[in-house]
Amino acid sequence: MIIAVDGPTASGKGTIAKGLAAHFGLPHLDTGLLYRAVGKQVELNGGDAEDQADALAACSFPAALLADECLRSEAVGGLASRVSVHPAVREALLKRQQDFAFQTGGAVLDGRDIGTVIAPEADAKLFVIATVDARAERRFREMQDRGEIVTLEKIAEDLRRRDERDSSRQTAPLVPAPDAYIIDTTSLGRDAAFAAAIEAVEAALAATD
């Protein structure tokens with residue numbers, strides 16, 4: 001069974017995907033970490049995230065980088081959004097994601113194009129959304145917990161910019177698959193959001209029986 005969970009930054013898709021993986025006993029991949037690693041590697045290489053050649057060269061990042069907490073920072077998130085617009089980068093990471101998705105037994109993947117590009121054959125597709133204000137507040141609290149100093153206004157501005165970049169790119173834009181279940185987490189707590197996700201997955205599976 002393959003479950004695709006897509007959505008913008010701080011919508012709650014990662015938390016939902018991890019919960020679904022634990023609930024159904026499936027491996028989980030946060031595909032956004034791959035792009036964050038590429039963005040960070042560009043920085044480490046002294047390159048330019050806007051340059052496709054620099055971004056493509058960074059796709060050979062060491063596997064250990066995926067475990068580095070620095071990838072969770074807002075700055076690296078911005079780099080990830082910039083490198084992800086390059087078609088060559090998306091192509092370079094495509095097989096890695098598909099191999100994970102189509103492993104024996106299936107998997108849960110979260111990202112921005114899982115249900116549309118990586119695994120359009122997924123058994124269940126969720127698209128998780130929330131208002132910019134709600135997402136900014138969540139990200140603000142996360143960053144405060146990590147000791148990062150940033151304003152709520154700056155986070156909201158960055159999210160709007162990232163949404164525009166992710167939704168308008170020509171290659172694999174951030175859009176829900178036609179058959180995706182939309183889950184709005186704006187006013188949902190973690191438990192309620194997870195319950196809605198379970199209900200959506202079960203409905204998707206029932207629809208294919």
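Above this text is the structure in question.
Residues numbered from 1 in each chain as written. Predicted model: local features only at pLDDT ≥ 70, side-chain atom pairs only at ≥ 80, totals over all residues. Heavy atoms only, no water.

Here we come to the packing of helix 4 (residues 74–83) against helix 8 (residues 152–168). When two helices pack together, their arrangement is given by the angle between the helix axes and the distance between those axes. Two elements in contact, helix 4 and helix 8, have axes separated by 10 Å at closest approach and are oriented at 15 degrees. As the angle between them shows, helix 4 and helix 8 are arranged roughly parallel. Judged by the twist between their axes, the crossing of helix 4 over helix 8 is left-handed. Taking contact as the criterion, the partners of Glu-74, Gly-77, Gly-78, Ser-81 and Arg-82 in helix 4 are, on helix 8, Ile-155, Asp-158, Arg-162, Arg-165 and Asp-166. Broken down by class, the residue content of the contact of helix 4 with helix 8 amounts to one nonpolar, three polar and six charged. (Axes fitted to C-alpha atoms, helices over the stretch in contact; angles between N-to-C directions. Helix = DSSP H or I, 4+ residues; strand = E, 2+ residues; numbered from the N terminus. Parallel < 35°, antiparallel > 145°, perpendicular 65-115°, else oblique. Left-handed = near helix turned anticlockwise from the far one by under 90°. Contact = heavy atoms within 4.5 Å. Nonpolar A, V, L, I, M, F, W, Y, C, P; charged D, E, K, R; others polar.)

Turning next to the pattern of salt bridges. On inspection of all chains with the given rule, the structure shows 18 salt bridges. With a closest N to O distance of 2.8 Å, Arg-90 and Asp-113 form a salt bridge. Of this pair, Arg-90 sits in helix 5 (residues 87–101) while Asp-113 sits in the loop between strand 3 (107–111) and helix 6 (114–118), and the two are 23 residues apart along the sequence. Both residues of the pair, Arg-90 and Asp-113, count as buried. Note that Glu-157 is salt-bridged to Arg-161, the shortest N-O span being 2.6 Å. One end of the pair is Glu-157 and the other is Arg-161, both in helix 8 and four residues apart, which spans about a single turn. (Salt bridge = Lys/Arg side-chain N within 4 Å of Asp/Glu carboxyl O. Buried < 20%, exposed > 50% of the residue type's maximum accessible area, 1.4 Å probe, protein only.)

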